[in-house]
Amino acid sequence: MIEKLKERWNVRNGWDVLVILIVFACTGFSVLYAKRGLFYLIGLTPESPAWLRWTINILIILPLYQVILLAWGWIWGKFDFFWEFEKRMFARIGSIFKRKNTAK
């Protein structure tokens, strides 16, 4: 599994893979706590409308995740990796919304 991740992420060794996995874990926990705090501050509860909770997640929590991911990547010395990772991810998301010109 480590070898597959090394190849997929184009990193040199198992230590790099471990650091990348740690950064993803730290980001996940950080966003979880940030989300709880944000929801508490604005008064959202599990009983709040699902559409409202999902809207907040998409508009605020998703971008916050990206920022926190870069911050943890910088702390662990992998900022360049995560910067490229995010650029690739946003390029994929952008390609979904681009219309393909099929009529010529």
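Relevant structure appears above.
Residues numbered from 1 in each chain as written. Predicted model: local features only at pLDDT ≥ 70, side-chain atom pairs only at ≥ 80, totals over all residues. Heavy atoms only, no water.

Visitor: Can you tell me about the overall build of the protein, naming the residues and giving the values?
Guide: Broken down by element type, the protein carries 4 helices and 0 strands. For the protein, the succession of helices and strands along the chain, N to C, is α-α-α-α. Expected size for 104 residues packed as a compact globule is a radius of gyration near 13 Å; at 17 Å, the protein overshoots this value by more than 25%. For the protein, the spread of C-alpha atoms along the principal axes amounts to about 50 × 45 × 25 Å. The 104 residues of the protein split such that 25% are buried. In the protein, the proportion of contacts linking residues at least 24 apart, taken out of those at least 6 apart, comes to 46%. Split by element, the accessible area of the protein, about 8,100 Å² in all, is 67% carbon and sulfur. In the protein, which carries 15 positive and 7 negative side-chain charges, the distance between the mean positions of the two groups comes to 9 Å. (Helix = DSSP H or I, 4+ residues; strand = E, 2+ residues; numbered from the N terminus. Rg over C-alpha atoms; globule rule 2.2 N^0.38 Å. Buried < 20%, exposed > 50% of the residue type's maximum accessible area, 1.4 Å probe, protein only. Contact = heavy atoms within 4.5 Å. Areas by Shrake-Rupley, 256 points an atom, 1.4 Å probe, with all protein chains shown as cover. Lys, Arg positive; Asp, Glu negative; His and termini not counted. Charge placed at Lys NZ, Arg CZ, Asp CG, Glu CD.)

Visitor: Account for helix α3 (residues 50–75), with residues named and values stated.
Guide: Along an α-helix, a turn takes 3.6 residues, which lines up residues three or four apart on a common side. Remark: the principal bend of α3, roughly 35°, maps to N57. Considered for burial, the residues of α3 that qualify are I56, N57, I61, Q66, I68, L69, L70 and G73. For α3, the elements touching its buried residues are α2 (14–42) and α4 (79–97). Of the residues one or two after α3, G77 is the one with positive phi, at around 80°. (Bend = angle between axes of the 7 residues up to and from the residue.)

Visitor: Could you give an account of α2, with specific residues and numbers?
Guide: Helix length check: α2, at 29 residues, gives a terminal C-alpha distance of 42 Å against a target of 42 Å (1.5 Å per residue), a fit within 8%. Residues of α2 that are buried include every one of D16, V17, V19, I20, V23, T27, V31 and F39, and no others. Close packing links the buried residues of α2 with α1 (2–9), α3 and α4. Two residues or fewer past α2, G43 is found with a positive phi of approximately 85°. (Expected span 1.5 Å × (residues − 1).)

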